[in-house]
Amino acid sequence: MDKRVLVVDDESFSRTIIVATLKAHGLYCEEAEHGAHAITKLNGENFKCDLILTDLRMPVCNGIEFIKAIREGKKIPRVSKDIPIIVLSAEEGEMVDEAIKLGVSGYFIKKEPVDILVPKLKQLLGMVNKNKN
């Protein structure tokens, strides 16, 4: 299965760790440095994405603005408004709460090991059998 994840985070080190972990688990990853960069990629003619992981606190276009752009479907018409989005955050709080109200599929606190995120991503991508024991 060729599932593609877009990792949006302004911290290069965080992106590198996340992408390396996801690739080790068989997921193809693309990267963007902030929401505006991600919007440009998502509007690319040949760009395909099945799930988005996004930080919230980023320059240029923060995670909340980016999520709104997707859910409203105005700036990114080629992407489903219902695409699974997982929030990456250094802390819980107001921005995470706002993201949840916008309909994200979940959130991941960055201090946790990235490996614990993989089963949730694979479930959202339809890569696991939900009835499997």
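Residues numbered from 1 in each chain as written. Predicted model: local features only at pLDDT ≥ 70, side-chain atom pairs only at ≥ 80, totals over all residues. Heavy atoms only, no water.

### Let's talk about the overall build of the protein chain
Right, on to step 1. Counting its secondary structure elements, the protein chain contains five helices and five strands.
Right, on to step 2. A compact globule built from 133 residues would reach a C-alpha radius of gyration of about 14 Å, and the protein chain, at 14 Å, matches this within 12%.
Right, on to step 3. Taken over the C-alpha atoms alone, the protein chain extends approximately 40 × 35 × 25 Å along its principal axes.
Right, on to step 4. Across the 133 residues that make up the protein chain, the buried fraction comes to 45%.
Right, on to step 5. Looking at the protein chain alone, contacts between residues at least 24 apart form 63% of all its contacts between residues at least 6 apart.
Right, on to step 6. A total accessible area of about 7,300 Å² is found for the protein chain, and carbon and sulfur atoms account for 48% of it.
Right, on to step 7. Taking the average location of the 20 positive side-chain charges in the protein chain and that of its 20 negative ones, the two points are 6 Å from each other. (Helix = DSSP H or I, 4+ residues; strand = E, 2+ residues; numbered from the N terminus. Rg over C-alpha atoms; globule rule 2.2 N^0.38 Å. Buried < 20%, exposed > 50% of the residue type's maximum accessible area, 1.4 Å probe, protein only. Contact = heavy atoms within 4.5 Å. Areas by Shrake-Rupley, 256 points an atom, 1.4 Å probe, with all protein chains shown as cover. Lys, Arg positive; Asp, Glu negative; His and termini not counted. Charge placed at Lys NZ, Arg CZ, Asp CG, Glu CD.)

### Quick look at the sheet that holds strand 1 (residues 4-8)
Right, on to step 1. Taken in spatial order, the five strands make up an open sheet running 2-1-3-4-5, and their pairing is parallel. The open sheet has two edge strands, strand 2 (28-32) and strand 5 (106-109), and neither has a second partner. Across the sheet, the mean angle from the axis of one strand to that of its neighbour is 20 degrees, orientation sign disregarded.
Right, on to step 2. For strand 3 (residues 51-55) and strand 4 (residues 85-89), the ladder comprises four bridges, and the chain directions are parallel. Within the sheet, the bridge partner assigned to Leu 53 lies in strand 4 and is Ile 86.
Right, on to step 3. On the sheet, helix 3 (residues 63-72) packs against strand 1, strand 3 and strand 4 and is oriented at approximately 155 degrees with respect to strand 3. (Pairing = 2+ DSSP bridges. Axes fitted to C-alpha atoms, helices over the stretch in contact; angles between N-to-C directions.)

### Side note on unusual backbone geometry
Right, on to step 1. Phi is positive for Val 60, close to 70 degrees, though the residue is something other than glycine.
Right, on to step 2. Counting through the fold element by element, Val 60 comes out in the loop between strand 3 and helix 3.

### Quick look at the packing of helix 2 (residues 35-42) against helix 3
Right, on to step 1. Contact pair helix 2 / helix 3: the axes reach a minimum separation of 9 Å and the direction vectors enclose 30 degrees. Classified by the interaxial angle, the pair formed by helix 2 and helix 3 is roughly parallel. Helix 2 and helix 3 meet at a crossing whose hand is right-handed. Across from Gly 35, Ala 38, Ile 39 and Leu 42 in helix 2, the residues of helix 3 making contact are Phe 66, Ala 69 and Ile 70.
Right, on to step 2. Residue composition of the contact of helix 2 with helix 3, by class: six nonpolar, one polar and no charged. (Parallel < 35°, antiparallel > 145°, perpendicular 65-115°, else oblique. Left-handed = near helix turned anticlockwise from the far one by under 90°. Nonpolar A, V, L, I, M, F, W, Y, C, P; charged D, E, K, R; others polar.)

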